[in-house]
Amino acid sequence: MERIEVRPAVGRYDDFYEVVGVKKPGGGGCWCMSYRDSRVRNDERPDYMRNLCETEPGPGVLVYVDDVVAGWCSIAPRSTYRRLMNSRTIPFVDDRDAWVAVCFVVRAGYRKRGLMHHLLAGAVEHARAHGAEVVEGYPADTGPDRVDVISGYVGTVRMFEAAGFERAAETGGVSGGRRRWVMRRELSRDEIPPVAAPG
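Rules and cut-offs
- Residues numbered from 1 in each chain as written.
- Predicted model: local features only at pLDDT ≥ 70, side-chain atom pairs only at ≥ 80, totals over all residues.
- Heavy atoms only, no water.
- Helix = DSSP H or I, 4+ residues; strand = E, 2+ residues; numbered from the N terminus.
- Rg over C-alpha atoms; globule rule 2.2 N^0.38 Å.
- Contact = heavy atoms within 4.5 Å.
- Areas by Shrake-Rupley, 256 points an atom, 1.4 Å probe, with all protein chains shown as cover.
- Lys, Arg positive; Asp, Glu negative; His and termini not counted.
- Charge placed at Lys NZ, Arg CZ, Asp CG, Glu CD.
- 1 Å grid on protein atoms, 1.4 Å probe; cavity = no way out; pocket = protein on both sides within 12 Å on 5 of 7 lines; lining within 4 Å.
- Points joined across faces, edges and corners; volume = space filled by probe spheres on them.
- Nonpolar A, V, L, I, M, F, W, Y, C, P; charged D, E, K, R; others polar.
- Phe/Tyr/Trp six-rings, centres within 6.5 Å; stacked < 30°, edge-to-face > 60°.
- Buried < 20%, exposed > 50% of the residue type's maximum accessible area, 1.4 Å probe, protein only.
- Lys NZ or Arg CZ within 6 Å of the ring centre and 35° of its normal.
- Core = buried A, V, L, I, M, F, W, Y, C linked by side-chain atoms within 4.5 Å.
- Pairing = 2+ DSSP bridges.
- Axes fitted to C-alpha atoms, helices over the stretch in contact; angles between N-to-C directions.
- Salt bridge = Lys/Arg side-chain N within 4 Å of Asp/Glu carboxyl O.
- Polar contact = N/O pair within 3.5 Å; in protein donor to acceptor, adjacent residues only side chain to side chain.

**Brief notes about the overall build of the protein chain**
Within the protein chain one finds 6 helices and 7 strands. Tracing the protein chain from N to C terminus, the helices and strands come up as β-α-α-α-β-β-α-β-α-β-α-β-β. Over its C-alpha trace the protein chain gives a radius of gyration of 16 Å, about what one expects of a compact globule, namely 16 Å for 199 residues. Summarising its shape, the C-alpha atoms of the protein chain cover approximately 45 × 40 × 35 Å along the three principal directions. Sequence separation of at least 24 residues holds for 64% of the intrachain contacts in the protein chain that already meet a minimum separation of 6. Counting every atom, the protein chain has about 10100 Å² of accessible surface; 49% of that belongs to carbon and sulfur. Across the protein chain, 29 positive and 28 negative side-chain charges occur, with their mean positions spaced 6 Å apart.

Here it is, written out as structure tokens:
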């Protein structure tokens, strides 16, 4: 049996880089900055994320399979994501600063093993440990269909529902041609955190 663990990214920049970092010298890439602040130049993004990984609460969580880093989820208060604060497509449900899981990345070779479920469960517990009252995500409503790897970075409504989230509002956004929803989980209502769904 393989051992799967989710750990905060604090103190683990090298592992974050292994999953999300751009390996090609001089190459451009998101560095999980698209929602945080896309104004930050490509060559400044590694240091920006390194600094976030050095202080609590950090920028997200990482999933490990037998101690090998296999995936990433960006989870942080909505107020720290500039793009979300200014979004015209993703509404605010109320005036609380919800923690938001905006991005999932699973490395090639580890996909189709249910790791996004583990990442989401770990992201919720990370948010809870830092005082979050509510956690949100903005996944695509794929129905019973699979979503492609590129569009699937936002997760699926089914995945969030399996983790105890509920539909709170429809957004004006799409991913892979599929409508995105505001999915919410009120942590104050939780008694026992649900176990991540298999698969």
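**Quick look at the layout of surface pockets**
The calculated volume of the second largest pocket comes to roughly 170 Å³. The wall of the second largest pocket is formed by 10 residues, among which E166, R184, R185, E186 and R189 lie closest to the centre. Counting residues per element, the ones that place at least two in the lining of the second largest pocket are β6 (166–175) and β7 (178–186). Considering only residue class, the lining of the second largest pocket consists of 2 nonpolar, 1 polar and 7 charged.

**Some points on the packing of aromatic side chains**
Across all of its chains, the model carries 6 aromatic pairs by this definition. When the ring of F160 is compared with that of F165, the centres are 4.9 Å apart and the planes differ by 85°; the resulting orientation is edge-to-face. Each member of the pair F160 and F165 is classed as buried. Linked through ring pairs, Y13, F16, Y17, W31 and W72 together constitute an aromatic cluster. Lying over the aromatic face of Y35, R83 brings its terminal NZ or CZ to 4.2 Å of the ring centre.

**Describing the nonpolar core**
Judged by nonpolar contacts, the single largest core of 27 residues is most densely connected at I75, F104, L120, V135 and F165. Sorting the residues of this core by element identifies β2 (60–65), β3 (68–77), β4 (99–106), α5 (115–129), α6 (157–162) and β7 as the ones contributing at least two each. For this core, the element with the highest residue contribution is α5, accounting for 6 residues. Counting residues in each nonpolar core, the second largest holds 26 residues, with M49, W72, A76 and V182 among its members.

**Some points on the sheet that holds β7**
The 7 strands are arranged β1-β2-β3-β4-β5-β7-β6 in an open sheet whose pairing can be described as mixed. Every interior strand has two partners, whereas the edge strands, β1 (4–8) and β6, have only one. Direction aside, neighbouring strands of the sheet carry axes that sit 25° apart on average. Sheet topology places strand β5 (residues 134–137) next to β7; 4 bridges connect them, and they run antiparallel. Residue V134 lies in a different strand from β7, and its bridge partner there is E186.

**Concerning unusual backbone geometry**
Here the bond from E56 into P57 is cis, since omega is 5°, no more than 30 degrees from zero. Secondary-structure assignment places P57 in the loop between α3 (45–52) and β2. For D66, which is not a glycine, the phi torsion comes out positive at approximately 50°. Note on placement: D66 falls in the loop between β2 and β3.

**Concerning the pairing of β5**
Along β5, one buried face is formed by V134 and E136 and the opposite face, lined by V135 and G137, is buried too. Across 3 bridges, β4 lies against β5 in parallel orientation. Following the sheet pairing, V100 is matched in β5 by E136.

**Brief notes about the side chain of R36**
Following the sequence through the fold, R36 ends up in helix α2 (residues 34–37). Of the side chains with opposite charge, D37 lies nearest to the buried R36, which makes no salt bridge, at 10.0 Å. Among the polar contacts listed, one links the side chain of R36 to the backbone oxygen of C32, at a separation of 2.9 Å. Contacts of R36, omitting those with residues within four sequence positions, involve Y48, M49, L52, P59, S74, A76, T80, Y81, R82 and R83.

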